[in-house]
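A closer look at the structure
Each chain, written out:
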Amino acid sequence: MTTQGRVSLNDFTVPEGTVHDNQILLEIEKTIFVSGYAGTLRAIHVEVHRGSVILSGILPSYYLKQIVQVSAMKVDGVVQVSNEIQVDQ
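Bear in mind that the values here come from a model prediction, so they are computed numbers and not experimental data. (Residues numbered from 1 in each chain as written. Predicted model: local features only at pLDDT ≥ 70, side-chain atom pairs only at ≥ 80, totals over all residues. Heavy atoms only, no water.)

1. Remarks on the nonpolar core
- In this structure, Ile24, Ile28, Ile44, Val46, Val53, Leu55 and Val68 are the most contacted members of the largest nonpolar core, which totals 15 residues.
- Those residues in contact with Ile28, other than ones at most four positions away along the chain, are Val46, Val48, Val53, Ala72, Val75 and Val78. (Core = buried A, V, L, I, M, F, W, Y, C linked by side-chain atoms within 4.5 Å. Buried < 20%, exposed > 50% of the residue type's maximum accessible area, 1.4 Å probe, protein only. Contact = heavy atoms within 4.5 Å.)

See the structure below:
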């Protein structure tokens, strides 16, 4: 609602799940970082939408691919993980 040229905060809405999804993303990154594989964060991309996580990128081993997936699955609020990470051997 606008009043005399002012904009009310009620005029803006945050897309549903945005704040929660951002928190999930930060927790996934933190979980991977503390697992000792922080270097993998540079090689992957993580997307979160309403608790569903999509992992993509290229890693050098299936082991690291699995570590990233398990790290994502451990985070509260994650309802599904799609692991699209490619392995370059």
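2. Some points on the confidence of the model for the protein
- Summing up the model confidence of the protein, the mean pLDDT is 82 and the portion of residues at 70 or higher is 79%.
- Of all secondary-structure elements in the protein, the lowest mean pLDDT belongs to strand S1 (residues 2-3), at 39, while strand S5 (residues 80-83) reaches the highest, 97.
- Of the regions scoring below 50 in pLDDT, residues 1-14 engages in eight contacts with residues more than four places distant in sequence or in other chains. (pLDDT = per-residue confidence, 0-100. Helix = DSSP H or I, 4+ residues; strand = E, 2+ residues; numbered from the N terminus.)

3. Focus on helix H2 (residues 62-73)
- Over its twelve residues, H2 runs 16 Å from end to end, which matches the ideal 16 Å to within 8%, given 1.5 Å per residue.
- For H2, every residue scored as buried is listed here: Leu64, Val68, Gln69, Ser71 and Ala72. Each buried residue of H2 sits inside an arc of 160° when the element is viewed along its axis, so together they form one side. In H2, those exposed residues whose orientation departs by more than 90 degrees from the buried face are Tyr62 and Tyr63. (Expected span 1.5 Å × (residues − 1). Arc of directions from axis to C-beta.)

4. So, unusual backbone geometry
- The phi dihedral of Arg50 falls on the positive side, at around 55°, and the residue is not glycine.
- Within the secondary structure, Arg50 is located in the loop between strand S3 (44-49) and strand S4 (52-59).
- Residue Arg50 is classed as exposed on the basis of its relative accessible area of 51%.

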